[in-house]
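# Fold and contact review
Residues per chain are reported as follows:
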Amino acid sequence: MQLSKRLYTIAGQVPLGSRIADIGTDHGYVPIYLYLHNQIEKAIAADLHKGPLEKARTNIQAYKATHKIETRLGNGLQMIQPGEVDVIIIAGMGGRLIGEILEAGQAVMKESQCLILQPQLDLEYVRKFIHHYRFQIIEEQMVEEDGKYYTILTATPGEEKYDRSADYLFGKKLIEKKDPVLKEYIQYKLQEFNKIHRNIIYNGNEAAKIKTKELESNIGLYTEVLSWL
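Computed from a predicted structure; not experimentally measured.

Counting its secondary structure elements, the protein contains nine helices and seven strands. Each principal axis of the C-alpha atoms in the protein carries an extent, and together these give about 65 × 35 × 30 Å. Taken over 229 residues, the protein has a buried fraction of 48%. Pairs at least 24 apart in sequence give 66% of the contacts found in the protein among residues at least 6 apart.

This next bit is on the pattern of salt bridges. In total, this model carries 14 salt bridges according to the counting rule given. Its salt-bridge partner being E84, residue R72 comes within 2.5 Å of it at the nearest N-O pair. Here E84 lies in the loop between β3 (69-73) and β4 (87-93) and R72 lies in strand β3, a separation of twelve residues in the sequence. Each member of the pair, R72 together with E84, is buried. Residue K177 is joined to E139 by a salt bridge in which the shortest nitrogen-to-oxygen separation is 3.1 Å. Residue K177 is found in the loop between α7 (165-176) and α8 (180-200), and its partner E139 is found in strand β6 (residues 135-145); the two are separated by 38 residues along the sequence. Judged by its relative accessible area of 24%, E139 falls in the partly exposed class. Three or more residues are tied together by salt bridges with common partners; here these are K42, E70, R72 and E84.

The next thing to look at is the sheet that holds strand β2 (residues 40-47). Hydrogen bonds along the backbone pair up the strands of a sheet, which may run parallel or antiparallel. Across the sheet, which stays open at both edges, the seven strands sit in the order β3-β2-β1-β4-β5-β7-β6 with mixed pairing between neighbours. Whereas interior strands pair on both sides, the edge strands pair on one side only; in this sheet they are β3 and β6. Averaged over all neighbouring strand pairs, the angle between strand axes comes to 15°, with direction disregarded. Pairing of β2 with β3, which is carried by five bridges, proceeds in the parallel orientation. Within the sheet, the bridge partner assigned to D47 lies in β3 and is L73. Packing of helix α2 (residues 29-36) onto the sheet brings it into contact with β1 (18-23), β2, β3 and β4, and relative to β2 it is tilted by some 170°. Against the sheet, α8 makes contact with β6 and β7 (148-157), and its axis sits at roughly 65° relative to β6, the strand it touches most.

Let us look at the nonpolar core. Across soluble globular proteins, nonpolar side chains have a tendency to be buried as a group. Judged by nonpolar contacts, the single largest core of 29 residues is most densely connected at I23, I80, I88, I90 and L102. Ranked by residue count, the leading element in this core is helix α6 (residues 123-132), at four residues. Not counting the four nearest positions on each side in its chain, I88 is found in contact with A21, I23, L77, L102, V108, M109, S112, C114, L115 and I116. Listed in part, the 25 residues of the second largest apolar core include I20, L34, I60 and A91.

A few words now on the packing of helix α4 (residues 95-104) against α6. Where α4 contacts α6, the two axes come as close as 8 Å, and the packing angle between them is 20°. The angle between α4 and α6 places the two elements in the roughly parallel class. From α4, G95, R96, G99, L102 and E103 reach across to α6, where they touch Y125, V126 and F129. The class makeup of the residues in the contact of α4 with α6 is four nonpolar, two polar and two charged.

What counts, and at which threshold
- Residues numbered from 1 in each chain as written.
- Predicted model: local features only at pLDDT ≥ 70, side-chain atom pairs only at ≥ 80, totals over all residues.
- Heavy atoms only, no water.
- Helix = DSSP H or I, 4+ residues; strand = E, 2+ residues; numbered from the N terminus.
- Buried < 20%, exposed > 50% of the residue type's maximum accessible area, 1.4 Å probe, protein only.
- Contact = heavy atoms within 4.5 Å.
- Salt bridge = Lys/Arg side-chain N within 4 Å of Asp/Glu carboxyl O.
- Pairing = 2+ DSSP bridges.
- Axes fitted to C-alpha atoms, helices over the stretch in contact; angles between N-to-C directions.
- Core = buried A, V, L, I, M, F, W, Y, C linked by side-chain atoms within 4.5 Å.
- Parallel < 35°, antiparallel > 145°, perpendicular 65-115°, else oblique.
- Nonpolar A, V, L, I, M, F, W, Y, C, P; charged D, E, K, R; others polar.

Shown next, in the form of structure tokens:
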């Protein structure tokens, strides 16, 4: 099975011999890949919608993985019992939705040993959420695929807090290892900010002035973080 770069990176964060729950599994590709590579003890492929879950079930059967991968229909972690899994994977959702799923399934989350999260939005919120619920971020990876940037966070139980707001916004681990994809992303965003800035700077209305100040603040912050990489 050939995974996308994003899904391959997620699969690569799963510890050997894990019992995983893949929430919002879609076609079930990550659990199947992990099964084929003898990485997992068992998996629960869960989805809120019948259509994607049926596709996952069909794929699981095609790869003769039904003895290792179980499908469950339901919302978030509601169909999983505390202690049933070691690893929770939630990918391809908004950051606040990921937070809602984990908060609603706190009992399951607190019994897990690893969270692998790939938020589409609100990464700063997710990093703060992880710390609030006494998990520490042990790894962050950033990939670019088809012109889009994705960040995968891996967290384990433990106390951790960041001192700088920039670490929550951009990812302390990514900054520390001078991640080349983060650098590329910041350069891309700076080009975007500067283009918008040039287009509105000559507009004298009040809304434009507010937007200009916001853009200049972002340009300053992104430029500073770029200098650290």
